[in-house]
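Survey of secondary and tertiary structure
Here are the chains, one letter per residue:
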Amino acid sequence: MYNKERKTVKSILESTTTNYSTVVMGWVRTFRNTQFIALNDGSTNDNLQVVIPLGSVDDATLRRITTGACIKASGEVVASVGKGQSVELAAASIEILGDSDAEKYPLQPKKHSLEFLREIAHLRFRTNTFASVFRIRHSLSFAIHKFFYDNGFVYMHTPIITASDAEGAGEMFRVTTLPLDGSAVGEDGLINFKEDFFGRSTNLTVSGQLEGELAATALGNIYTFGPTFRAENSNTTRHLAEFWMIEPEMAFYDLEDNMNLAEEFIRYIIKFVMDNNSKDLAFLAQRLADEDKQKPEAERSFPLLEKLEFVINNNFERVTYTEAIEILRNCSYNKKKKFRYLIDEWGVDLQSEHERYLVEKHFKKPVIITNYPKAIKSFYMRQNDDGKTVAAMDILAPGIGEIVGGSQREERLNKLTSRMKELNIPADEMDWYLDTRRFGTCVHAGFGLGFERMVQFVTGMGNIRDVIPFPRYPKSCMY
Ligand code: ATP
Ligand code: MN
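This report concerns the structure included in the present document. (Residues numbered from 1 in each chain as written. Chains lettered and ligands numbered in written order. Predicted model: local features only at pLDDT ≥ 70, side-chain atom pairs only at ≥ 80, totals over all residues. Heavy atoms only, no water.)

**Quick notes on a nonpolar patch on the surface**
On the surface, Phe125, Phe470, Met478 and Tyr479 cluster together into a nonpolar patch covering about 360 Å² of accessible area. Tracing the backbone shows Tyr479 in the segment after strand E18 (476–477). A relative accessible area of 48% places Tyr479 in the partly exposed class. (Patch = residues over 30% accessible without salt bridge, like charges linked within 9 Å, V, L, I, M, F, W, Y side chains within 5 Å. Areas by Shrake-Rupley, 256 points an atom, 1.4 Å probe, with all protein chains shown as cover. Salt bridge = Lys/Arg side-chain N within 4 Å of Asp/Glu carboxyl O. Helix = DSSP H or I, 4+ residues; strand = E, 2+ residues; numbered from the N terminus. Buried < 20%, exposed > 50% of the residue type's maximum accessible area, 1.4 Å probe, protein only.)

**Section: helix H11 (residues 352–363)**
Over its 12 residues, H11 extends 15 Å from the first C-alpha to the last, a length consistent with the 16 Å expected when each residue adds 1.5 Å. Among all positions in H11, only His354, Glu355, Tyr357, Leu358, Val359 and Phe363 are buried. Summarising the contacts, the buried residues of H11 are in contact with strand E12 (317–320), helix H9 (321–330), helix H10 (332–335), strand E13 (367–370), strand E14 (392–397) and strand E15 (401–408). (Expected span 1.5 Å × (residues − 1). Contact = heavy atoms within 4.5 Å.)

**As for the packing of H9 against H11**
The contact between H9 and H11 brings their axes to 11 Å, and the two run at 80 degrees. Judged by the angle between their axes, H9 and H11 are roughly perpendicular. Residues Ala324, Ile327 and Leu328 of H9 lie in contact with H11, whose contacting residues are His354, Tyr357, Leu358, His362 and Phe363. A breakdown of the residues in the contact of H9 with H11 according to their chemical character gives six nonpolar, two polar and no charged. (Axes fitted to C-alpha atoms, helices over the stretch in contact; angles between N-to-C directions. Parallel < 35°, antiparallel > 145°, perpendicular 65-115°, else oblique. Nonpolar A, V, L, I, M, F, W, Y, C, P; charged D, E, K, R; others polar.)

**Structural notes on the pairing of strand E1 (residues 20–32)**
The sheet contact formed by E1 and strand E4 (residues 70–79) spans eight bridges and is antiparallel. Pairing of Val24 across the sheet is with Ala73, part of E4. In this sheet, strand E2 (residues 36–40) lies alongside E1 in antiparallel orientation, the contact comprising five bridges. Residue pairing in the sheet places Phe31 in a bridge with Ile37 of E2. Counting the residues between successive antiparallel strands, the hairpin from E1 to E2 contains three residues, one of them, Asn33, with a positive phi of roughly 55 degrees. (Pairing = 2+ DSSP bridges.)

Here you go:
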């Protein structure tokens, strides 16, 4: 935009005018017959064909037009006579900006596996698949901010380094400047955190919710959108050690308001991407369809575009935990012992195999499960009158499983403190949190959406490590 002379490939391909001079810069995808360059600059997956008239560029320069090289091409945009594109650039001059040794360049012009590309994550942005994924990730981020902005929510930055470790959402990474040579241990054999940077033990946050509640009970509706960290040793296609989470928190919302917001929000951001990234989505839909052709019928996924279309046009199914357990207990998978964990008694936590059965086999649409047993949920969830369940809601999506976890929060001070006592959560460390209940408490609710799981859902990518630029997971932290 601010580079006066340069146009993007996207703007050239989208424009209907021809016969004007311009300059493009980008990376060579292929070069054939010492005449036709397929040039990509990341603005779209479509390449611009740059045609070099015979004899117009010297041999030494021609030899340097190799896969991966960065070039500047100047010339005239003309109607293309060849198949596959309506316009092309008739080059008047080519300047090599950055050479690329084609023999050594890891990205050969052929199909590479996602596993291989994960090993060279620093270069995978240069493939169509990852360029599409990251343009969609960008669009989704923008849509999230737009949705909340348009609905009057305040974007709140909750801390990344936190002193609160009571949330219990997952294992935490410690933040410390203490020496690792053992000298930080005091005479009592314990680490002396008084000597640490903050004078106390600190961690990377697992969730911004508790701080979000402080803001919501003053500003009304707020949301967070930032990185969260879990030192859980889960080597799955749905867990990262560093991931981004969106956590809206709303004063005066009950559980049902919370679910209604979550549904509308999810539909909105999916629709935004369908409206604004149709080419990238079509590309990824085709990629998924091709990948599925290699798989047995039973393992194939739903066609991507139809799946997204279905989600924006249909309400999610809402069932209570108790109803879900009944369905699972009586289903053929359970009776034929096809689950690894058989469903027997009320009170057990749902494993991802159960979640996927409900979503993919039973209801065949996204499902919201409400009112879980209090024993398997966090202390801050509002206790229901039955004495057994809490006003929780999890949203389960096809192919992913849990995508949202939320609840109405316990706003009654005595109920909250007695639950904390039962769970041995020290109330004195949580005094700041309890103050919201002491002074002008109110009904409120909120949820957390795992951003990468949402990107997975929209792009159809099977592994969460392929929807974040630089994934962190057990035994792997590159760059
Ligand atoms: P799961 O049971 O899948 O591990 P959770 O119950 O630990 O999820 P919450 O603590 O409710 O999840 O977190 C809110 C949301 O954050 C989840 O619904 C999910 O979308 C996302 N999430 C949780 N853990 C991870 C992780 N390790 N990597 C990526 N996203 C995650
Ligand atoms: Mn978890």
